[in-house]
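# Residue-level structural notes
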Amino acid sequence: MIALLLRDLRLAVRSGGGFGLGIAFFLILVVLVPFGVGPESAILARIAPGILWVGALLACLLSLDRIFALDFEDGSLDLLATAPVPMEGIVAVKALAHWLTTGLPLTIAAPFLAVLLSMPAEGMVWLVITLLLGTPALSFIGAFGAALTVGLKRGGLLLSLLVLPMYVPTLIFGAETLQRGINGLATTTPMLLLAGITAGAVALLPFAAAAALRINIR
Amino acid sequence: MELHVSDLACTRGGLLVLSGVSFDLAAGQAMLLRGPNGIGKTTLLRTLAGLQPALTGTISLDREAFAYAGHADGIKATLTVVENLRFWAKIYGTNDIDPAIEAFNLKGLTDRAAHNLSAGQKRRLGLARLLVSGRRIWALDEPTVSLDVASVQLFAQTIKTHCDAGGAALIATHIDLGFEAEVLDLTPYKAIATDASLDDAGFDEAFL
């Protein structure tokens, strides 16, 4: 299991692995927004939480199809399925590797990019907390979507259509917690719901994804 | 008995391809699967590997002793030869990859990234994975594709050593490997198209 995690991390940072792609996309998106809506910091500060969360979500989506598609193409997935590791474990480890190479870097980079959107300083802590709580759900839901579409040629678009609606609850509660944190309101309820979605996704979706994979590699 | 198959029927893409397949594979035995293209050699091996369910029949096999090698080698192009092998060694809980490197003559290539290997070298790396797995029963699907004559001999030698050590191998191949092995011709087991028996399953896999 650890070997699989290390392999996926190593593959991600080697050429063509896609590490940094999500971050670069996030950076470009955040830089483009002020060009679109104008440089007034009052407006930017108001929309910053939403922009940052939507940006993180889309950046996450970019690399989802690689989770299983590359292993499927070169035959590794068949061999892993016959190896003495449970399919559920493979899914969980690969989703974790995706989070470590996408969600975690996004979380770390977000406060720096938030400055570009003139987000108030008291929001930075909440930004990191909400992304840290929410992005694992994005990776695990995404792994489920990737498992459903793994055998399809150019399944990336279908994957986005499947996964984006499932991202909505995470987006709502993530952005809401952040907004409330900035405005000094009570954050407990949306934050608990955000954490609950993540916990549920991490606990249940590996089983669903493993079942989907078993059907797709037939 | 390492592998016992009786009255097995397999499907490929919802179509019945093989039915009534029965055979035994004992320890120390190598068996060659023969038959024209499309007869169902790959389907049979994938069914034995547990990648797809059998329609009917029984397979008695210790999956903890079974290793499968398909058409694709499962090699990661950006990892080196050693990194690829070490990964599989860790997955299978074995440690020693040197005998495998030795057996398939990969010594001079150990630090080369897999995308710089030739097709035959990649295949040798893929076959070396079987040795690394430490499993007793091997199922190989067209293992000699893109291998040169010397490498085929290397492969045949490896199979012989494996069988002499009490292992077993089931090999789907079209060429003569140059050693005594039992041959299982799948042609008599070709299923007569009986779509009706499958239609009532009521599941349209083409939907996705």
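In short, a report on the structure. (Residues numbered from 1 in each chain as written. Chains lettered and ligands numbered in written order. Predicted model: local features only at pLDDT ≥ 70, side-chain atom pairs only at ≥ 80, totals over all residues.)

### Looking at the overall build of chain B
Selection criterion: Each helix is a run of DSSP H or I of at least 4 residues and each strand a run of E of at least 2, with the numbering of both proceeding from the N terminus. Only C-alpha atoms enter the radius of gyration; for comparison, a globular chain is expected to reach 2.2 Å times N to the power 0.38, where N is the number of residues. Using C-beta atoms placed from the backbone, we call a residue buried if 20 or more other C-beta atoms fall within 10 Å of its own, exposed if 12 or fewer do, and partly exposed for counts in between. Any residue pair is listed as a contact if its two C-beta atoms, each placed from the backbone, are within 7 Å.
When helices and strands are tallied, chain B shows six helices and eight strands. The linear arrangement of helices and strands in chain B, starting from the amino end, is β-β-β-α-β-β-α-α-α-β-α-β-β-α. Against the 2.2 N^0.38 benchmark of 17 Å for 208 residues, chain B shows a C-alpha radius of gyration of 18 Å, consistent with a compact globule. Expressed along its principal axes, the backbone C-alpha trace of chain B runs to roughly 55 × 40 × 30 Å. Burial status across chain B gives 40% buried among its 208 residues. Considering only contacts in chain B between residues 6 or more positions apart, those separated by 24 or more positions represent 75%.

### Let's talk about the interface of chain B and chain A
Our working definition: Amino acid classes used here: Ala, Val, Leu, Ile, Met, Phe, Trp, Tyr, Cys and Pro are nonpolar; Asp, Glu, Lys and Arg are charged; the rest, including Gly, are polar.
With 18 residues of chain B at the contact, the number on the chain A side is 21 residues. The element contributing the most residues to the side of chain B that touches chain A is helix α2 (residues 81–91) of chain B, with three residues. Taken together, the residues of the side of chain B that touches chain A sort by class into nine nonpolar, five polar and four charged.

### Considerations on the sheet that holds strand β3 (residues 30–34) of chain B
Residues and elements named next belong to chain B. Rules: In this analysis, strands are considered paired if DSSP registers two or more bridges between them. Interaxial angles span 0 to 180 degrees and are taken between N-to-C directions of axes, which are lines fitted to C-alpha atoms, for helices over the stretch in contact.
Pairing in this open sheet of five strands is parallel, and the strands run β5-β6-β7-β3-β8 from one edge to the other. At either margin of the open sheet sits one strand with a lone partner, and together these are β5 (66–69) and β8 (182–185). Across the sheet, the mean angle from the axis of one strand to that of its neighbour is 15°, orientation sign disregarded. In this sheet, strand β7 (residues 168–172) lies alongside β3 in parallel orientation, the contact comprising four bridges. What sits directly across from Ala30, in β7, is Ala169.

### What to know about the environment of A:Leu194
All names here are of chain A. Note that Leu194 resides in helix α9 (residues 188–216). Taking the C-alpha atoms as reference points, Leu194 and Phe68, separated by 126 residues in sequence, lie 26 Å from one another. Those residues within four positions of Leu194 in sequence are excluded, and the remaining contacts are Thr130, Leu133, Gly134, Thr170, Phe173, Gly174 and Thr177.

### Re the sheet that holds strand β1 (residues 3–12) of chain B
Residues and elements named next belong to chain B. Pairing in this open sheet of three strands is antiparallel, and the strands run β2-β1-β4 from one edge to the other. Where the open sheet ends on each side, the last strands, each with one partner, are β2 (15–25) and β4 (56–61). Pairs of neighbouring strands in the sheet enclose a mean axial angle of 30°, with direction left out of account. In terms of strand pairing, β1 meets β4 through five bridges, oriented antiparallel. Opposite His4, over in β4, you have Ser60 as the bridge partner.

### Here's the deal with the pairing of β2(B)
The pairing of β1(B) with β2(B) spans seven bridges and is antiparallel. Note that in β2(B) the partner of B:Leu3 across the bridge is B:Leu25.

### Topic: the packing of helix α8 (residues 156–183) of chain A against α9(A)
Residue and element names in this part refer to chain A. Test applied: Handedness of a crossing follows from how the near helix is turned relative to the far one, being left-handed for an anticlockwise turn of less than a right angle and right-handed for a clockwise one.
Two numbers describe how α8 lies on α9: the axes approach to 8 Å, and their chain directions differ by 145°. Read as a crossing pair, α8 and α9 show a hand that is left-handed. Across the interface between the two elements, Pro169, Thr170, Phe173, Gly174, Glu176, Thr177 and Arg180 from α8 touch Pro190, Met191, Leu193, Leu194 and Ile197 from α9. Taken together, the residues of the contact of α8 with α9 break down into seven nonpolar, three polar and two charged.

### Thoughts on helix α6 (residues 87–116) of chain A
All names here are of chain A. So the rule is basically this: Multiplying 1.5 Å by the helix residue count minus one yields the expected span of that helix. A residue's bend is simply the angle between two axes: one fitted to the seven residues ending at it, one to the seven starting at it.
Taking 1.5 Å per residue, 30 residues should reach 44 Å; α6 reaches 42 Å between its end C-alpha atoms and fits that length. Maximum bend of α6: about 45°, positioned at Ala110, with proline Pro111 one to four residues after it. Taken from the residues just after α6, Ser118 is the one with a positive phi, measuring 45°.

### Some thoughts on α2(B)
The α-helix advances 3.6 residues per turn, and as a result positions three or four apart in sequence lie on the same side. Every buried residue belonging to α2(B) is among B:Val81, B:Asn84, B:Leu85, B:Phe87, B:Trp88, B:Ala89 and B:Ile91, and all of these are buried. For α2(B), the secondary structure elements touched by its buried residues are α1 (2–13) of chain A together with α3 (98–103) and α4 (119–133) of chain B. Positive backbone phi, at 70°, marks B:Gly93, one or two positions downstream of α2(B).

### A closer look at the nonpolar core
Selection rule: Linking buried Ala, Val, Leu, Ile, Met, Phe, Trp, Tyr and Cys residues through C-beta atoms within 7 Å yields a set, and such a set is a nonpolar core.
Counting residues in each nonpolar core, the largest one holds 125 residues, and the members touching the most others are A:Ala56, A:Val91, A:Ala143, A:Ala147 and B:Ala128. Apart from residues lying up to four places away in sequence, B:Ala128 is in contact with B:Leu85, B:Ala100, B:Ile101, B:Ala103, B:Phe104 and B:Leu106.

### So, unusual backbone geometry
Residues and elements named next belong to chain B. Residues other than glycine seldom take positive phi values, yet Asp7 does so here, at roughly 50°. With respect to the element layout, Asp7 can be found in strand β1. Positioned with a positive phi, Glu142 is a non-glycine residue whose angle comes to about 50°. Classification of Glu142 by C-beta neighbours within 10 Å gives partly exposed; the count is 19.

### Focus: the packing of helix α7 (residues 122–148) of chain A against α8(A)
All names here are of chain A. Defined as follows: For classification, angles of less than 35 degrees are called roughly parallel, those exceeding 145 degrees roughly antiparallel, those between 65 and 115 degrees roughly perpendicular, and all remaining angles oblique.
Relative to each other, α7 and α8 sit at 165°, their axes nearing to 9 Å. In terms of axis orientation, α7 runs roughly antiparallel to α8. Crossing geometry of α7 relative to α8 is assigned as right-handed. Of the residues assigned to the contact of α7 with α8, the class counts are 14 nonpolar, nine polar and one charged.

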